[in-house]
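# Descriptive analysis of the structure
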Protein chains: 2
Amino acid sequence: MDFEHANALNQAIRLLSLRHRARAASLLAPLGLHTGQEALLLELDRTGPMIQAQLSEALGCEPPSVTLMTRKLEAGGHIRRTPAPSDKRASIVELTDSGKALVDQVKQLWCALAEETVGGPPAETVADLPGILKTLTDNVDTKRPTTQAAPARSSAVRSPTKTF
Amino acid sequence: MDFEHANALNQAIRLLSLRHRARAASLLAPLGLHTGQEALLLELDRTGPMIQAQLSEALGCEPPSVTLMTRKLEAGGHIRRTPAPSDKRASIVELTDSGKALVDQVKQLWCALAEETVGGPPAETVADLPGILKTLTDNVDTKRPTTQAAPARSSAVRSPTKTF
DNA sequence: CGACGATAGTTAAGCACATAACCAATGTGT
DNA sequence: ACACATTGGTTATGTGCTTAACTATCGTCG
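Report follows, based on the coordinates. Since the model is a prediction, treat every value here as computed from it, not as a measurement.

What counts, and where the lines are drawn
Residues numbered from 1 in each chain as written. Chains lettered and ligands numbered in written order. Predicted model: local features only at pLDDT ≥ 70, side-chain atom pairs only at ≥ 80, totals over all residues. Heavy atoms only, no water. Pairing = 2+ DSSP bridges. Helix = DSSP H or I, 4+ residues; strand = E, 2+ residues; numbered from the N terminus. Axes fitted to C-alpha atoms, helices over the stretch in contact; angles between N-to-C directions. Parallel < 35°, antiparallel > 145°, perpendicular 65-115°, else oblique. Left-handed = near helix turned anticlockwise from the far one by under 90°. Contact = heavy atoms within 4.5 Å. Nonpolar A, V, L, I, M, F, W, Y, C, P; charged D, E, K, R; others polar.

### Overview of the sheet that holds strand β1 (residues 50–51) of chain B
Whether parallel or antiparallel, the strands of a sheet pair through hydrogen bonds between backbone atoms. All names here are of chain B. Taken together, the three strands give an open sheet; going across it, the order is β1-β3-β2, and neighbouring strands pair in antiparallel fashion. Of all the strands in the sheet, the pair left with one neighbour each is β1 and β2 (79–83). Here β2 runs beside strand β3 (residues 91–95); their pairing, made up of five bridges, is antiparallel. Bridge pairing in β3 links Thr82 to Ile92.

Structure below.
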C-alpha cells in the first residue's frame, strides 16, 4: 500500500476518534458524565454487578483506568463498591438507583449519537459498520492472541434486516 | 435505531480508537515519538512550513495541544520554530533535517500500520473505508457547519482502482 | 504446612486531548 | 487617531488513558 492511502486511512481513524469522542463528551456533559464513564455504566447495566477486573476486560482498558473511573462514579453516587465476600482483594461494583436512572438517559443519548454518526448518504453498508470496525480493531489489537480474527466479521453483526 | 445497534456502533468506534492509538503508540515508541506527534510531522512534510494556527486546523485539534506538541518536538530537535516576519504574534514551524529523516521512518510505520489495520478478510470495501470514516467524522463534527456533508462521500476518495 | 507465582487493586508519573482565561499583536471602523 | 473586536499563542487546569512499581490476597505445589 502506498503512503497516500495509508495516511488517508490512519488519519481518518484518528479524526473519527477525536470527533466521536468530542461529540460524546458534549452530549454526556449535561448529565455530569465524562467520556468513558458511560461505557462503564452501560456495561454494568448490561451484565449486572461485576468485579473491577471484569470491567477492565469488558471495557478494553487497563485496571488503573477503571480504578479512577469507578472512584469518580462512586463519588458521584452512580455506582457502589462493596468488598467481595469470597475474595478479600476484589470489590464488586454495581449501579445505584441514581446510576440506573442515569443509564436510561445515557441509552437515549447513545442512540442519538449513533444515528447522528451514521446519518446521511451511506445507508447501504451501515449495517456492516460495527463488524468492519471490529475487524479493524482486532487487526490492530495486540493483546488478543488473534483468536477468531477471520470469523469475527460475520459473527454477531448480521442483523436480520439491514434497515436501521 | 434500537439501543443494541447503537451501542454496537459506538462501542466499536470507541474500541477502534483505543486500539489503533495504542498500536500506533507502540510502533512510534522506538522512534521516540508519542501518538499525535506523527500527524504533526507528516502534515508539516506534506504542506511545508506553516503557522501553528494552520497546524491546529489541519490536525483537527485545539491550539493548546499544538503548543505542547510543538514544544516537545522542538525540544527533541525535530522541528524549528521561528518568529514570523510579517506577523509578530505568529511563529512559523518547519521540519529540521532530523525531523525530515524521522518523517521517512514514520511513513514506513504508517504504511505498515494501515496494512495491518485493513489486513485480513474484508478486502472488498477496504477502498471505501477512508471515505466511510470521513463521512462518520463529518456527521459527528460539530465545528464544521455541515458544509458539503453529502458530497463528501464521493469526493476525493474514489480512487481509480479499488485494489490497494 | 510454608514458599511462591498469579491475581485484584492502588499509587505515581506521563502523554494527548479539552476548555477557560489571559496576553500580545493585528486590523478595521468611525 | 483611537477604540475595539479578532486572531495567534500561551498558561492553568482537568479528563481519560497508559505503563511501571507496589501491596495484599489467593492458589497451588513441594
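Next, the rest of the story.
### A look at the packing of helix α2 (residues 37–47) of chain A against helix α3 (residues 52–59) of chain A
All names here are of chain A. Viewed as axis vectors pointing N to C, α2 and α3 meet at an angle of 110 degrees, and their least axial separation amounts to 10 Å. As judged from the angle between their axes, α2 and α3 are roughly perpendicular. As for how α2 packs across α3, the hand of that crossing is right-handed. Residues Ala39, Leu40, Glu43 and Leu44 of α2 lie in contact with α3, whose contacting residues are Leu55, Ala58 and Leu59. When its residues are assigned to classes, the contact of α2 with α3 shows six nonpolar, no polar and one charged.

### A few points about the sheet that holds strand β2 (residues 79–83) of chain A
Residues and elements named next belong to chain A. Reading across the sheet, the three strands line up as β1-β3-β2 and stay open at both edges, with antiparallel pairing between neighbours. Two strands lie at the open edges of the sheet, namely β1 (50–51) and β2, each paired on one side alone. As defined by bridge partners, β1 adjoins strand β3 (residues 91–95) across two bridges and the pair is classed as antiparallel. If you follow Ile51 over to β3, its bridge partner there is Ile92. Packing of α2 onto the sheet brings it into contact with β1, β2 and β3, and relative to β3 it is tilted by some 90 degrees.

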